[in-house]
Amino acid sequence: MAAEPVAARPVLVTRARRGLGRVLVTLARSVGIFIPVFFVATFVTFALRAMSGLSPARLQLGEDATPEAIHNIESQWGLDRPFLVQYWHWFTDVLHGQFGVSWVNGADISTLIGLGLGVSLSVAVIALVLGAVLGLGLGTVAALRRGTWVDRAITGFATVISVMPPFVVGIVLVEVFAVGLDLLPSGGYIPPENGIGPWLAHVILPALALSFDVVADVARQLRTGLVSAYRENYVLGALVRGLSPRRIFFRHVLRNGMGPALATIGIKFPSLVGASVVTEWIFGLQGFGRFANDSAQAGDVPAVQGVLVVSVVMVVTFNLLINIVLGRVTPASQRGV
């Protein structure tokens, strides 16, 4: 009886090594893609100032500034140096997490981005968790009850909420839970270090407003993936071997059918962080999206450049995490299909 676990250890060790090897290969490939993408993205981002024709001198002195005054201010900002010299100086600062100072108010851009990013990440993480949990649950139920009224009801519900703009949902939520029931605050933000309860109370409504689109897309993608998986020959083979429906679902169908839903989650998260400008206005949040919008409208090029670099890093990093999860969960990814 004791010999079986000992004999099984080499198999477990081999599987663990193979799993680690797949993770390392995925990391190496992703890093190999990330480095040139990041380099090109930063170069194009930095070139925005030259292409835009904007200058800190014109923001500070106005359109009637003399050429001598413009030259003096641009010289103070180092804008009179060759383009590649400026880029390399800025790029090395970016690698150290420094994005320079604002043309508008002289504030440190890294600090401003950090403050806005903290607010947006709080909302985006809660929205993603709500959207993923509800979407995975609805998609699973729809697939298991495919062809029934339950499936049609869930599909119709996902279609309806997918076309509801987040700012409309946000206004309704404020009217119901903040004004009508007086259960939650209508706006503002409290950092989590000041209390998890107050923090959650201030982010739950904007997170819920942003989660509707995630719920709809994840539910539809998961339902489609699971229904397709049920039609595969390996499911028929599992039924012939007498496996229980529960084991067939969790062992074969779910693992092979959840790939599109996971990929959808990976795509949604960066957009939740940066594309919620109107929602942040409704709830009075000074988030990352609102900072990006205000910086673009003010012509604050260094701030816009910092926003773009952070956005690129977020997109690549989260997609890397999703690729690792897909490689560990879905059998097709493990085989390199």
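Everything below is about the structure printed above this text.
In this report, we go over the structure that sits alongside the text.

**So, helix H6 (residues 149–162)**
Line of reasoning, step 1. Compared with the 20 Å implied by 1.5 Å per residue over 14 residues, the 20 Å span of H6 between its first and last C-alpha is a close match.
Line of reasoning, step 2. For H6, the full list of buried residues reads Val 150, Asp 151, Ile 154, Ala 158 and Ile 161. Projected down its long axis, H6 shows its buried positions confined to an angular sector of 105°, all on one face. Residues of H6 that are exposed and point more than 90 degrees away from the buried face comprise Trp 149 and Arg 152.
Line of reasoning, step 3. Here the buried face of H6 lies against helix H5 (109–144) and helix H8 (196–230).

**Observations concerning the pattern of salt bridges**
Line of reasoning, step 1. All told, the structure shown has 4 salt bridges when counted by the stated rule.
Line of reasoning, step 2. A salt bridge links Arg 220 to Asp 217, with the shortest nitrogen-to-oxygen separation between them at 2.7 Å. Placement of both Arg 220 and Asp 217 in helix H8 is noted, with a separation of 3 residues, approximately one turn of the helix.
Line of reasoning, step 3. On the basis of relative accessible area, Asp 217 is assigned to the buried category, the value being 18%.
Line of reasoning, step 4. In this structure, Asp 217 engages Lys 268 in a salt bridge whose closest nitrogen and oxygen atoms are separated by 2.7 Å. Linking Asp 217 in helix H8 with Lys 268 in helix H11 (residues 259–274), this pair joins segments that are 51 residues apart in sequence. When sorted by exposure, Asp 217 lands in the same class as Lys 268, which is buried.
Line of reasoning, step 5. Each member of the salt-bridge network shares a partner with another, and the members are Asp 213, Asp 217, Arg 220 and Lys 268.

**Overview of the environment of Ser 30**
Line of reasoning, step 1. With respect to the secondary-structure elements, Ser 30 resides in helix H1 (residues 3–52).
Line of reasoning, step 2. Taking the relative accessible area as the measure of exposure, Ser 30 reaches 15% and is therefore buried.
Line of reasoning, step 3. Along the sequence, Ser 30 and Ile 324 sit 294 residues apart, while their C-alpha atoms lie 9.7 Å from each other.
Line of reasoning, step 4. With near-sequence residues (within four places) excluded, Ser 30 lies in contact with Leu 320 and Asn 323.

Cut-offs and rules
- Residues numbered from 1 in each chain as written.
- Predicted model: local features only at pLDDT ≥ 70, side-chain atom pairs only at ≥ 80, totals over all residues.
- Heavy atoms only, no water.
- Helix = DSSP H or I, 4+ residues; strand = E, 2+ residues; numbered from the N terminus.
- Expected span 1.5 Å × (residues − 1).
- Buried < 20%, exposed > 50% of the residue type's maximum accessible area, 1.4 Å probe, protein only.
- Arc of directions from axis to C-beta.
- Contact = heavy atoms within 4.5 Å.
- Salt bridge = Lys/Arg side-chain N within 4 Å of Asp/Glu carboxyl O.

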